[in-house]
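Take a look at the letters that make up each chain.
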Amino acid sequence: MRLNVDGLLVYFPYDYIYPEQFSYMLELKRGLDAKGHIMLEMPSGTGKTVSLLALIIAYLHNKPVELTKLIYCSRTIPELEKVLEELRKLLAFYKKEVQEEVNFVGLALSSRKNLCIHPEVSGERDGKVVDARCHALTAPHIRERHSDDSSVPVCSFYEQFDAHGRDTMLPNGVYNLDDLKNYCTEKGFCPYFFARWAIQQANIVVYSYHYLLDPKIAEIVSKEMPRNAVVVFDEAHNIDNICIDSMSVKITRKLIDRCQTSVQTLESELDRLRDENSSKLEGEYQSLVEGLRQAQERRETEQILANPVL
């Protein structure tokens, strides 16, 4: 179905559209034209996602200078996958209607836990454990040690990505998490790090709220996003909880015990270094005094030997 939404040609991949969907797209179009913020609400099950995608994709297609990227923030993995499937249907309909290749790349980004393909690390169920084990294989100091000692383990998928991944352009299409893992498995790349790099070239990026709202994560992942991008927060009533979670620190008894153990270990190490350095400094001081004494003796001997009477 082709729609004229306030002068914008919109391709809608279904044979019927609710009046509420058209009104939704109309208000969204006005918000994009005004380059402002807009809050829209529709009941569940009324086609909100496809209406939003259809209008914004049309805007990207017809006004590529004004709008270059869609950043779609979703809350859960099932919601993320649903958005990508609607996007896949929409772009397939575009290709059918316009009879030409649609130059769009839609990409999902999720955590290491959901994207890792390392045979050992990917078997872990705890996301924090996956992050820690990934870091232990990809950290710069680990890779530097590996260059000197090949027995130090590193991640072959990350090494392959680092060597060739940044020169690889992702073909047009829509990539959910499984698609991304399959593509990177064929290439030998790490899907997580490849996705982090590829979101810069993608036209549509779908990821969790945290990638924009958590300052620590956003600084790493989203700081290069263009200013003429449109950001969509799906289920936006969850934003306050996400912000609270991002800026909160959970302190448990186990964490306190580990901190106490670490402090005791640090204290013991400082005492050891203090004693070691004290002995070392004492030895250096004695060597310095002895060296000064010997130098003084040599000077006195030279003065005596230089006496013309002798």
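Below is a summary of the structure that appears in this document.

What counts and what doesn't
- Residues numbered from 1 in each chain as written.
- Predicted model: local features only at pLDDT ≥ 70, side-chain atom pairs only at ≥ 80, totals over all residues.
- Heavy atoms only, no water.
- Core = buried A, V, L, I, M, F, W, Y, C linked by side-chain atoms within 4.5 Å.
- Buried < 20%, exposed > 50% of the residue type's maximum accessible area, 1.4 Å probe, protein only.
- Contact = heavy atoms within 4.5 Å.
- Helix = DSSP H or I, 4+ residues; strand = E, 2+ residues; numbered from the N terminus.
- Phe/Tyr/Trp six-rings, centres within 6.5 Å; stacked < 30°, edge-to-face > 60°.
- Pairing = 2+ DSSP bridges.
- Axes fitted to C-alpha atoms, helices over the stretch in contact; angles between N-to-C directions.

A word on the nonpolar core. Within the largest apolar cluster, 81 residues are counted, with the highest numbers of intra-cluster contacts made by V10, M25, I56, I57, F194 and Y207. Contacts of M25, omitting those with residues within four sequence positions, involve L3, V5, V10, F12, I17, S51, A54 and L55.

Let's shift gears to unusual backbone geometry. Apart from glycine, the bulk of residues carry a negative phi angle, and the bulk of peptide bonds sit in the trans form. With phi around 55°, D6 is a residue other than glycine that occupies positive phi space. Here D6 shows up in the loop between strand 1 (2-5) and strand 2 (8-11). Assessed through its relative accessible area of 43%, D6 is described here as partly exposed. Phi is positive for E235, which is not a glycine, with a value near 50°. Among the secondary structure elements, E235 is positioned in the loop between strand 7 (229-233) and helix 12 (239-246). The exposure class of E235 is partly exposed, given its relative accessible area of 27%.

Now for the packing of aromatic side chains. When we look at a pair of aromatic rings, we describe it by the centre distance and by the angle of the planes. Taken as a whole and judged by the stated rule, the model has 14 aromatic pairs. A centroid spacing of 6.1 Å and a plane angle of 70° characterise the contact between Y175 and Y183, whose relative ring orientation is edge-to-face. A relative accessible area of 10% places Y175 in the buried class. Accessibility expressed as a relative area gives 13% for Y183, which makes it buried. Among the aromatic residues, those joined into a ring-pair cluster are Y158, F161, Y175, Y183, F189, Y192, F193, F194 and W197.

Following the sequence through the fold, L52 ends up in helix 2 (residues 48-62). Not counting residues up to four positions away in its chain, the partners in contact with L52 are Y24, L28, Y72 and V232.

Turning our attention to the sheet that holds strand 4 (residues 105-109). An order of 5-4-6-3-7 is seen for the five strands of this open sheet, with the pairing classed as parallel. Looking at which strands have only one partner, the edges of the open sheet turn out to be strand 5 (173-175) and strand 7. Taken over all neighbouring pairs, the strand axes of this sheet differ in orientation by 15° on average, direction set aside. Sheet topology note: the strand 3 (residues 69-74)/strand 6 (residues 204-208) ladder contains five bridges and is parallel. Bridge pairing links Y72 to V206 in strand 6. Where helix 8 (residues 177-187) meets the sheet, its contacts fall on strand 4 and strand 5, and the angle it forms with strand 5 comes to roughly 100°.

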